[in-house]
Amino acid sequence: MKLKSLKEMTLKEKLGQLILPGFHSTYYDDQIKTLIEDYHVGNVILFTRNFTDAAQVRELTKKIHEEVYKATGHIPFIAIDQEGGLVTRMMKDVTFAPGPMTASASIEDATYYTGRMLAEDMIRLGMNFNLAPSLDVNNNPNNPVINVRSYSDNPEVVARLGKRFIEGSLEYGVLACAKHFPGHGDCEVDSHLGLPTINYDLDRIHKIEMYPFKENINVPAIMSAHILFPAYDTVPATLSKKILTNVLREELGYQGLILTDCLEMKAIQNEFGTSNGALMAVLAGADICDISHTLEFQLKALELLEEAVNDGRLPMEVLDAKVERILKAKETTLPYLEKYFYGKEMQFSEENNRLAQEIVDNSLTLVKGVNATLTEKTLVIAPVAQAKTIIEDEFDDRNLAKVLKKEFKDLNVLELENTDEFKERVLSSLDNYDNVIIFSYNAATSLKQVSFINDVLANKKEVTVISLKGPMDFNKYSNLSNYLCLYEYTPNSIRTVVSYLKGKLTPKGKLTINL
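Residues numbered from 1 in each chain as written. Predicted model: local features only at pLDDT ≥ 70, side-chain atom pairs only at ≥ 80, totals over all residues. Heavy atoms only, no water.

**Q** Please clarify how the overall build of the chain should be interpreted in this entry.
**A** For the chain, the count of helices and strands is 18 helices and 14 strands. For the chain, whose C-alpha radius of gyration is 24 Å, the value lies close to the compact-globule estimate of 24 Å for 515 residues. Referenced to the eigenvectors of the C-alpha coordinate spread, the extents of the chain come out at roughly 80 × 50 × 40 Å. Residues counted as buried form 63% of the 515 residues belonging to the chain. Long-range contacts, defined here as pairs at least 24 residues apart, represent 77% of the contacts in the chain between residues at least 6 apart. For the chain, the accessible area works out to roughly 19,500 Å², and carbon and sulfur atoms hold 47% of it. The positive charge centre, built from 56 side chains, and the negative charge centre, built from 71, are 2 Å apart in the chain. (Helix = DSSP H or I, 4+ residues; strand = E, 2+ residues; numbered from the N terminus. Rg over C-alpha atoms; globule rule 2.2 N^0.38 Å. Buried < 20%, exposed > 50% of the residue type's maximum accessible area, 1.4 Å probe, protein only. Contact = heavy atoms within 4.5 Å. Areas by Shrake-Rupley, 256 points an atom, 1.4 Å probe, with all protein chains shown as cover. Lys, Arg positive; Asp, Glu negative; His and termini not counted. Charge placed at Lys NZ, Arg CZ, Asp CG, Glu CD.)

Here it is in structure tokens:
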């Protein structure tokens, strides 16, 4: 395949390399058609909304590859947030990979296997850019958006496990993107909804937040954080030349791609405007601007960037350097696309499915006390999961109670309800049971859930709490004797729970955060 060189590209073709737009259909719709065919955009980001099954998405990505090549003379980046676990955009006909903290708690080198299995499915479906892993240090249990998307609260562990994920991804030629620079772990505001601030001095930021990025400075791409770091600048990292150019490029010597997080997130949109934010980000040092949703913002960003080139704010030599970086990165993925995607049939890996389940099974962690046991008089209470943040995905069925009722016909199983009536009903019935097993989900940020579980603990001695989203709620409970945790509420972890309650597996996981 002959690829157009930088010297052969028009200004519009160059500018089209600088944005990563999303669209809302499962087919090549008018929005993406306009961006590619009229504005020569060279990249696309896909979400769950763009998928039905493998056959459909292969047709879609094949069309995107064809049209981008016709419009730009180059291959596209087709990107996706495929972190595994709770942030999984593709779910059908592919391996449902474990999440980051699941992998870190599980078998040796699980993060490498996770990066590799995700990349294998992606490249076979025409995608060559994974917006993962998260190298954020999970040092704030109240963080609403990072949480189990992080490997650990130890920067050295995050750096080591993140490196192995990146190496696994590159086995199939899929570029990995470390995020969210210089660190999103220690904040309590979701940047999808507002502008967080991390108020630490430079020494602390370099030693903790920035450490995993410094240790992975050869990663193909780094995504910026929409977070204010007053020690550096008065604007968020995504828009800060001091952070993206002075620190990341010059001080740390980073040579790869700098990508923004989505500029339609409220941290940028509300404060600076999405399209203006794109211009500010590029001038600050970003190479690619993620604008995931709205055509108006995508087109306006291209217009503002063209104006900046014409009036000299974005010098042509700076633009050319960015485009050259992008084209070279794309070229590294071409041999893998030719080997696994162009003209090839999709192949599914049963071995990867088996390995993913093994990783989740081995992540089950006994944190305190003894293992749960079932008797004829055991009460089990389980929540129905809903996505708690914008970044999480809704799965077709995350109803553990429903599965347990099917698998254990004689077991007393209740769906957890956050109502006073439900609480009173359970508390008044506790004497009828030998023991109680309560599954919690996201309880660290749910006062009602914590209150309910504490009331059960106060009124019943034989209680086991099993968290389905890491151990962040462990310290919220009084009179807690038995506690286990998984690190995701997914189809894989539901199967793990069933196997555990049937006595087919014992907890082997290890905590990677301090309680």
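**Q** Help me understand the sheet that holds strand β10 (residues 378–382) in this model?
**A** Sheets are built from strands paired through backbone hydrogen bonds, the pairs being either parallel or antiparallel. One open sheet accounts for 6 strands, arranged β9-β14-β13-β12-β10-β11; its pairing is mixed. Whereas interior strands pair on both sides, the edge strands pair on one side only; in this sheet they are β9 (365–368) and β11 (412–415). Direction aside, the axes of adjacent strands within the sheet are offset by 20° on average. Bridge analysis of strand β12 (residues 435–440) against strand β13 (residues 463–467) gives 5 bridges, and the strand direction is parallel. In the sheet register, Ile-437 faces β13, and the bridge partner there is Thr-464. (Pairing = 2+ DSSP bridges. Axes fitted to C-alpha atoms, helices over the stretch in contact; angles between N-to-C directions.)

**Q** Whenever I open this one, the environment of Tyr-336 confuses me. Can you help?
**A** When you line up the elements, Tyr-336 lands in helix α13 (residues 316–340). On the basis of relative accessible area, Tyr-336 is assigned to the partly exposed category, the value being 29%. Tyr-336 sits 122 residues away from Lys-214 along the chain, and the two C-alpha atoms are 28 Å apart. For Tyr-336, the residues in contact, after removing those within four places along its chain, are Ile-123, Leu-170, Glu-171, Tyr-172, Gly-173 and Phe-341.

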